[in-house]
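Observations on the three-dimensional arrangement
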Amino acid sequence: MSDDDHNGQDGFEHELPESLLPYDDWVEDAYREVMLRAIEHVAAEGLPGAHHFYLTFRTNRPDVIIPARLRAQYPEEMTIVLQHQFWDLALDRDKNVISVGLSFGGVGSILCIPVNAITAFADPHIRMALRFNHSPLEDDEDIEIPEGAVEPDDIDPAHHPDVLPEPSASEDGKKDAEVVSLAAFRKRPPS
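Rules of the game
- Residues numbered from 1 in each chain as written.
- Predicted model: local features only at pLDDT ≥ 70, side-chain atom pairs only at ≥ 80, totals over all residues.
- Heavy atoms only, no water.
- Helix = DSSP H or I, 4+ residues; strand = E, 2+ residues; numbered from the N terminus.
- Buried < 20%, exposed > 50% of the residue type's maximum accessible area, 1.4 Å probe, protein only.
- Polar contact = N/O pair within 3.5 Å; in protein donor to acceptor, adjacent residues only side chain to side chain.
- Core = buried A, V, L, I, M, F, W, Y, C linked by side-chain atoms within 4.5 Å.
- Salt bridge = Lys/Arg side-chain N within 4 Å of Asp/Glu carboxyl O.
- Pairing = 2+ DSSP bridges.
- Axes fitted to C-alpha atoms, helices over the stretch in contact; angles between N-to-C directions.
- Contact = heavy atoms within 4.5 Å.
- pLDDT = per-residue confidence, 0-100.

Under an unreviewed UniProt entry, the name given to the protein is Stringent starvation protein B, and the source organism is Gluconobacter cerevisiae.

So, in structure tokens, the structure goes:
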């Protein structure tokens, strides 16, 4: 009998006991801290190179502050893209809230997103994605990253001179929200 036959798949001779320490929560907290440090860095220094963020969050929480029309369009969850067209990105660690200015349908808005409402964070430039499964409202739900992400409209540089808008993509000169595929960043089952 070889060692592989005697040991389980994990190399132990018996099944591991259930942990009495919350390792999963600690790992998720560490991942959230990575996201928060990235947001703090970009808030202070701007986005370097081709880095950009996808931020997925629950819209059905009462402490999420977004325009009513976005909440109606995305009643449970939405993904925003922080790339060229955002302003006033900030993290308030005391309140545990991220705020950012975005323009949707030509109307600028400040979104306030509690950190615990965030279900996923990605930086597609380096193919890094973090998924957060624990939420105070839905602790046991396994949250999937949605198929699309909402990218904000062009903004008026006269009101936000630090933000450079991309060229308009539609006939009327306004850029409509785009759907961005997140398929490349989704966890795939082992083959």
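Quick look at the side chain of Arg61
Counting through the fold element by element, Arg61 comes out in the loop between strand S1 (53-58) and helix H3 (68-73). For Arg61, a relative accessible area of 7% gives the class buried. Engagement of the side chain of Arg61 in a polar contact is seen with the backbone oxygen of Asn116, the distance being 3.4 Å.

Remarks on the nonpolar core
In terms of nonpolar packing, the biggest core is built from 28 residues, with Met35, Phe57, Ile80 and Leu111 touching the most fellow members. For this core, the elements supplying multiple residues, two or more each, are helix H2 (23-45), S1, strand S2 (77-82), strand S3 (87-92), strand S4 (97-104), strand S5 (107-114) and strand S6 (118-123).

So, the pattern of salt bridges
This structure, assessed with the given rule, holds five salt bridges. When the shortest N-O distance is used, the salt bridge between Arg32 and Glu28 registers 3.6 Å. Of the two residues, Arg32 and Glu28 are both situated in helix H2; the distance of four residues between them amounts to about one turn of the helix. We note that Arg32, like Glu28, is buried. Across the salt bridge formed by Asp63 and Arg61, the nearest N and O atoms sit 2.6 Å from each other. Judged by its relative accessible area of 38%, Asp63 falls in the partly exposed class. Each of Glu33, Glu40 and Arg93 takes part in salt bridges that share partners, so that together they form one network.

Details of the sheet that holds S5
Across the sheet, three strands lie side by side as S3-S4-S5; this open sheet has antiparallel pairing. This sheet does not close on itself; its edge strands, each paired only once, are S3 and S5. For this sheet the average axis-to-axis angle between neighbouring strands, irrespective of direction, equals 20 degrees. Of the pairings in the sheet, the one linking S3 to S4 comprises four bridges and is antiparallel in character. Across the sheet, Trp87 pairs through a bridge with Gly101, a residue of S4. Where H2 meets the sheet, it contacts S3 and S4, and its direction lies at approximately 140 degrees from that of S3.

Quick word on the confidence of the model for the protein
Per-residue confidence for the protein gives a mean pLDDT of 74; residues scoring 70 or more make up 63%. The model gives residues 136-149 a pLDDT under 50, and that stretch makes 42 contacts with residues more than four places away or in other chains.

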